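# Reading the structure
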Amino acid sequence: MKKRILLVVLCLACVASFAQTKGKKPAAKKPVVKKGTAVRPPALTGGAANKQTSTVDTSKKITDAPITADPAKPFDRPLDGYYKKSNIEHNKVTAYANLRESDVVFKKRVWEEIDLREKVNAYLGSPKARLIDVLMDAIAAGELTAYDPTQGKDDGDGFSVRLTPEKARAAMADSSVVNIIDKTTGEKTGSKVVAGEFQADSVIKFRIKEDWVFDKQRSVFEPRIIWIAPMVRPRVAGGGNLAYQPAFWIYFPAARQVLVTKEAFNRNNDATDLSFDDIFLKRLFHAYVVKVSNDQDLRIQDYATGIDRLYESEKIKKGLMDFELNLWQY
């Protein structure tokens, strides 16, 4: 009897709980609004719909405000290419072999000039990588020292007076002839040469001073550059131009530390990692002789003119090559 009463009570409890849950209405779900879309207000019915209308323009999309970059804030610069060229930045100077005085059985001092107007040397004056820009930047930064070319009796390269970066740049500046006008009468009384601004394109020649040495210890006959100088052509007050002269001299062994980390332009291949030091070390240029050490201290232009100067230059080069070839017997 007790079991039947308990069963009836449980059934009534289940029916009551089911009736309560069935009578409740489910909660309305909030609409999900996607970012960038307009929200439409709920529709109004009856008279309220006539009094109030929606002011939201659904034809326009809501977008995020653009992010403006701060110029002063550092950022990662995009890579200009698909790999980073860092080999040239970590280059080290290839040292010359040690040279002892007792091993030198022959030496000849030679002055040569490199003309950038020649096709084989044109890349040294390329706007992408100029040799003169590398030298001038190093002088301005204090990495190289310029020497006055007017001091000394050995063709003006005594290298005894140092130039400040300002004086070195002034020596490279192109000059112009300006008329001198009298302030009272307004008439021309003369003319003077005024220094202008430095133009890198105006440098078309370099002079190098080197020693051709035969080392009997290694049985090698090789040239070693000692000094290098950019050439300028000063103007005179009469309107004419003088011959090309060195603007200043730079000690080449010191310049190698700078040139080895500066990439030179190669017209045939952009991936050669060719430095300016490699150009001089491997003799990837053409130069003609302007002077060789002699007892009269004469330059080639002192005893040869016109095309004969080039013939004399090639004769000197051939004489140096023949000296090396004549050392060997088969």
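Counting restarts for each chain: residues are numbered from 1 in the order of the written sequence. The model is predicted, so local features are restricted to residues of pLDDT at least 70 and side-chain atom pairs to those at 80 or more, both for listing and for counting; the totals for chains, interfaces and linings are taken over all residues. To obtain the side-chain values, all non-hydrogen atoms of the structure were included, while hydrogens and water were left out.

This brings us to a nonpolar patch on the surface. Residues qualify for a patch when their relative accessible area is over 30% and they have no salt bridge, like charges being joined within 9 Å and the nonpolar side chains of Val, Leu, Ile, Met, Phe, Trp and Tyr within 5 Å. A 1.4 Å probe and the Shrake-Rupley method give the accessible areas. Residues count as covered only by the protein chains that appear here. Take a side-chain nitrogen of Lys or Arg and a carboxyl oxygen of Asp or Glu: if they are within 4 Å of each other, that pair is a salt bridge. Taken together, the side chains of Ile307, Leu310 and Tyr311 make up a nonpolar region of the molecular surface, amounting to roughly 330 Å² of accessible area. The classification of residues rests on relative accessible area computed with a 1.4 Å probe and restricted to protein chains. Under 20% of the type maximum is buried, over 50% is exposed, and intermediate values are partly exposed. Classification of Ile307 as partly exposed rests on a relative accessible area of 48%.

Counting from the N terminus, the helices are DSSP H or I runs at least four residues long and the strands are E runs at least two residues long. Within the secondary structure, Ala243 is located in the loop between strand 9 (220-232) and strand 10 (245-246). Taking the relative accessible area as the measure of exposure, Ala243 reaches 52% and is therefore exposed. Every residue pair with non-hydrogen atoms within 4.5 Å of one another is taken to be in contact. Discounting residues that sit within four places of it in the chain, Ala243 has contacts with Val232, Arg233 and Pro234.

Parts of the model with low pLDDT should not have their predicted coordinates read in detail. pLDDT expresses how confident the predictor is about each individual residue, on a scale running from 0 to 100. Put simply, the protein has an average pLDDT of 80, and 73% of its residues get 70 or more. A low-confidence stretch, residues 48-54 (pLDDT under 50), is modelled with 3 contacts involving residues beyond four sequence positions or located in other chains. Every residue in residues 58-65 is under pLDDT 50, and counting partners more than four places away or in other chains gives 6 contacts.

For the structure shown, the criterion picks out 16 salt bridges. The partner of Arg256 in a salt bridge is Asp277, and the shortest N-O contact between them spans 2.7 Å. Here the residue Arg256 occupies a position in helix 5 (residues 252-259), and Asp277 occupies one in helix 6 (residues 276-281), the gap between them amounting to 21 residues. With respect to class, Arg256 is no different from Asp277; both count as buried.

We now examine unusual backbone geometry. Its identity as a non-glycine residue notwithstanding, Arg283 has a phi of 60 degrees, on the positive side. Looking at where Arg283 falls in the secondary structure, it is placed in the loop between helix 6 and strand 12 (288-292). A positive phi angle, near 55 degrees, is found at Asp297, a position not held by glycine. Inspection of the secondary structure assignment puts Asp297 in the loop between strand 12 and helix 7 (300-303). Looking at Asp297, the relative accessible area reads 41%, which means it is partly exposed.

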